[in-house]
Amino acid sequence: LTSLLTCGRHFQNLHFRWNGLPDIDDVTAALAANPQIETLDLTGNQLRDRHADLIAEALKQNTNLQALYMRGNKITPTGFEKILEAIYDPSSLTAMESCNHTCYVDF
């Protein structure tokens, strides 16, 4: 998955549903590098709040991703909140400026 995200090619959709991804540290680092990908489906991969934190940080840097699908993971409301704040945080003008307002996330 990391190789696909960093190869420089444009991908409209990458689906990795129910793949049991054990660790996504490299994936989130690649996602933060703003690859040419529009949709990433990570449904059902046993992702947890730690992964949600990494995804949230990556989304702050990514302006190309338009949709992220994450149903069927083990992320708590706290983890989802971090991702939502990365997309839209109205707490201040600075926070709003650093948000990724273009990405739809399906929990």
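To be clear, the structure that these remarks concern was listed above.
Reference entry: report on the structure contained in this document. (Residues numbered from 1 in each chain as written. Predicted model: local features only at pLDDT ≥ 70, side-chain atom pairs only at ≥ 80, totals over all residues. Heavy atoms only, no water.)

**What to know about the overall build of the protein**
Okay, step 1: Within the protein, the secondary structure is distributed over 5 helices and 4 strands.
Okay, step 2: Going from N to C terminus, the protein has its helices and strands arranged as α-β-α-β-α-β-α-α-β.
Okay, step 3: The buried share among the 107 residues of the protein stands at 42%.
Okay, step 4: Long-range contacts, defined here as pairs at least 24 residues apart, represent 78% of the contacts in the protein between residues at least 6 apart.
Okay, step 5: Accessible surface for the protein amounts to roughly 5900 Å². Of this, 50% is attributable to carbon and sulfur atoms. (Helix = DSSP H or I, 4+ residues; strand = E, 2+ residues; numbered from the N terminus. Buried < 20%, exposed > 50% of the residue type's maximum accessible area, 1.4 Å probe, protein only. Contact = heavy atoms within 4.5 Å. Areas by Shrake-Rupley, 256 points an atom, 1.4 Å probe, with all protein chains shown as cover.)

**A closer look at the sheet that holds strand β4 (residues 104-106)**
Okay, step 1: The strand order across the open sheet built from 4 strands is β1-β2-β3-β4, with neighbouring strands paired in parallel fashion. Each end of this open sheet is capped by a strand with a single partner; those strands are β1 (11-15) and β4. Pairs of neighbouring strands in the sheet enclose a mean axial angle of 10°, with direction left out of account. (Pairing = 2+ DSSP bridges. Axes fitted to C-alpha atoms, helices over the stretch in contact; angles between N-to-C directions.)

**Describing the nonpolar core**
Okay, step 1: With 28 residues, the main nonpolar core has Leu 40, Leu 42, Ile 55, Leu 59, Leu 65, Leu 68 and Ile 83 as its most contacted residues.
Okay, step 2: When residues of this core are assigned to their parent elements, the largest contribution, 5 residues, is made by helix α3 (residues 49-61). (Core = buried A, V, L, I, M, F, W, Y, C linked by side-chain atoms within 4.5 Å.)

**Quick notes on the packing of α3 against helix α4 (residues 77-87)**
Okay, step 1: Where α3 contacts α4, the two axes come as close as 8 Å, and the packing angle between them is 0°. Judged on the interaxial angle alone, α4 and α3 are roughly parallel. Of the residues in α4, those in contact with Asp 49, Ala 52, Asp 53, Ile 55, Ala 56, Leu 59 and Lys 60 of α3 are Thr 78, Gly 79, Lys 82, Ile 83, Ala 86 and Ile 87.
Okay, step 2: Across the contact of α3 with α4, the residue classes break down as 7 nonpolar, 2 polar and 4 charged. (Parallel < 35°, antiparallel > 145°, perpendicular 65-115°, else oblique. Nonpolar A, V, L, I, M, F, W, Y, C, P; charged D, E, K, R; others polar.)

**Examining the pairing of strand β2 (residues 37-41)**
Okay, step 1: Summarising burial for β2: 4 of the 5 residues are buried, a large majority.
Okay, step 2: Handedness of the crossover joining β1 and β2 through helix α2 (residues 25-32): right-handed.
Okay, step 3: Where the polypeptide runs from β2 across α3 and back to strand β3 (residues 67-69), its parallel neighbour, the crossover connection is right-handed. (Right-handed = clockwise from strand over helix to strand, strands pointing away.)

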